[in-house]
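Chains, contacts and geometry: an overview
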Amino acid sequence: MVKGNWSKDKRFLYIFKTKQLKFNLYIMRKILLCGAALLALAACSRDEEVQISDSTQAHWDYENPNWHNQGYSECAGLVQSPIDIVTTATTKATLPAITFNYSSFPVKAVNNGHTVQVNTDGNSSITYNGVAYKLKQFHYHGHSEHSVDGQFSPLEVHFVHQNETTGAIVILGLLIKGGGADNAQFAQYINSFPSVKNQEVTTTNTIDPLAMLPSNKKYYNYTGSLTTPPCSQGMNWIVFKDVVTISDAQLKKFTDLYNHNYRPIQKTGSRTVFESL
């Protein structure tokens, strides 16, 4: 119980850690259900977020996003993503800083028919709230999946991280718009677009994921799901508040390839959305 004489900071820390504990318990339940030791969530998550092929899974697309009627029952869950982040309703506080242990790596890319995914060399990671998560891959959606106060951005990139022990997943969401100068790191991403689908292509390009992120690392945070089937729940979402700007020409190259690969907004319900001060 939160005692009445606690300071505001202690009260918030209690609430934040309680929600993190609930999140960790959710992950452990997923692990037990999957019956795996190290790759529990990866085994449960057969999509571009943590991709493991499975020919028995039903085909899905963005034209008919009622995926719960197509064999993916968890897509009808109460803890789904993306959401509209309503800034007047967020809980504003000093949130844990993200420690980035990113390094440049040679690009391996795959056009999986839903997005262009860049797979990492496994040497980049973040530490969040005292826990390490390896960067597995990143991919994009156009337009953005998350909205802020009802406004979408032209593009959103998801950086997918996973803890090697528990399988817990943290996804960083990066909102992007045009109107700026060419961005060197996004140029490497674009230059790595494969000419064929469903085949990983090794390129000579190198990319530094840290240089893709905004200098201001303040963020929104909530518990949600994968945004593609099977819509596995219990994902820890971190959406950066600052929008990154690239050139209009670069933006067009992304949207010329995929410009409708986003899931509709899901209900926030009773979930708390935190916002960095």
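See the structure shown above.
A brief report on the enclosed structure follows. (Residues numbered from 1 in each chain as written. Predicted model: local features only at pLDDT ≥ 70, side-chain atom pairs only at ≥ 80, totals over all residues. Heavy atoms only, no water.)

Description of the overall build of the protein
Scanning the protein from terminus to terminus reveals four helices and 16 strands. In the protein, which comprises 277 residues, the proportion classed as buried is 49%. Counting only carbon and sulfur atoms, one obtains 53% of the accessible surface of the protein, whose full area is about 12,800 Å². (Helix = DSSP H or I, 4+ residues; strand = E, 2+ residues; numbered from the N terminus. Buried < 20%, exposed > 50% of the residue type's maximum accessible area, 1.4 Å probe, protein only. Areas by Shrake-Rupley, 256 points an atom, 1.4 Å probe, with all protein chains shown as cover.)

Re helix H4 (residues 248-257)
Among all positions in H4, only Gln-250, Leu-251 and Phe-254 are buried. Buried positions in H4, seen along its axis, are confined to an arc of 100° and lie on one side of it. Structural note: H4 exposes Asp-248 and Asp-256 on the side pointing more than 90 degrees away from its buried face. Residues of H4 that are buried make contact with strand E7 (131-141), strand E10 (155-162) and helix H3 (184-191). (Arc of directions from axis to C-beta. Contact = heavy atoms within 4.5 Å.)

Quick word on the pattern of salt bridges
All told, the structure shown has four salt bridges when counted by the stated rule. Ionic pairing is found between Lys-241 and Glu-275, a salt bridge with its closest N-O pair at 3.0 Å. Of this pair, Lys-241 sits in the loop between strand E14 (233-240) and strand E15 (244-245) while Glu-275 sits in strand E16 (residues 274-276), and the two are 34 residues apart along the sequence. Taking the relative accessible area as the measure of exposure, Lys-241 reaches 25% and is therefore partly exposed. A salt bridge links Asp-256 to Lys-252; its shortest N-O distance comes to 2.8 Å. One end of the pair, Asp-256, and the other, Lys-252, are both in helix H4, four residues apart, so they sit about a helical turn from each other. Here the salt bridges do not stand alone but share partners, grouping Lys-92, Lys-241 and Glu-275 into one network. (Salt bridge = Lys/Arg side-chain N within 4 Å of Asp/Glu carboxyl O.)

Digging into the pairing of strand E13 (residues 219-225)
The element E13 is extensively covered by neighbouring structure, given that six of its seven residues are classed as buried. Direction of pairing for E13 relative to E16: antiparallel, over a ladder of two bridges. Each bridged residue has a counterpart across the sheet, and for Asn-221 the counterpart in E16 is Phe-274. (Pairing = 2+ DSSP bridges.)

A closer look at the packing of H3 against H4
It is the contact of H3 with H4, at a shortest axis distance of 11 Å, that shows an interaxial angle of 30°. Relative to H4, the element H3 is oriented roughly parallel. The chirality of how H3 crosses H4 is left-handed. Judged by residue contacts, Phe-186, Ala-187, Tyr-189 and Ile-190 of H3 engage Gln-250, Lys-253 and Phe-254 from H4. Here the contact of H3 with H4 is composed, by residue class, of five nonpolar, one polar and one charged. (Axes fitted to C-alpha atoms, helices over the stretch in contact; angles between N-to-C directions. Parallel < 35°, antiparallel > 145°, perpendicular 65-115°, else oblique. Left-handed = near helix turned anticlockwise from the far one by under 90°. Nonpolar A, V, L, I, M, F, W, Y, C, P; charged D, E, K, R; others polar.)

Considerations on the environment of Thr-166
Mapped onto the elements, Thr-166 comes out in the loop between E10 and strand E11 (169-177). Put simply, Thr-166 and Tyr-133 are 33 residues apart on the chain and 9.9 Å apart in space, counted from C-alpha to C-alpha. Here Ala-168 takes part through its backbone nitrogen, which lies 3.1 Å from a polar atom of the side chain of Thr-166. (Polar contact = N/O pair within 3.5 Å; in protein donor to acceptor, adjacent residues only side chain to side chain.)

A look at the nonpolar core
The biggest cluster of nonpolar side chains holds 40 residues, and the ones touching the most others in it are Phe-159, Phe-186 and Tyr-189. Apart from the residues lying within four places of it in its own chain, the contact partners of Tyr-189 are Val-116, Val-118, Phe-138, His-139, Tyr-140, Ile-207, Met-212 and Phe-254. Membership of the second largest hydrophobic core comes to 13 residues, among which are Val-160, Tyr-220, Leu-226 and Val-273. (Core = buried A, V, L, I, M, F, W, Y, C linked by side-chain atoms within 4.5 Å.)

Some thoughts on the state of the cysteines
In the structure shown here, the tally under the stated rule is one disulfide. Here Cys-75 engages in a disulfide with Cys-231; their sulfurs sit 2.1 Å apart. Between Cys-75 and Cys-231, the S-S torsion sits near 80°, and that sign places the bridge as right-handed. Residue Cys-75 is found in the loop between helix H2 (40-44) and strand E1 (84-85), and its partner Cys-231 is found in the loop between E13 and E14; the two are separated by 156 residues along the sequence. Across this residue pair, the class does not change: Cys-75 and Cys-231 are buried. (Disulfide = S-S within 2.5 Å.)

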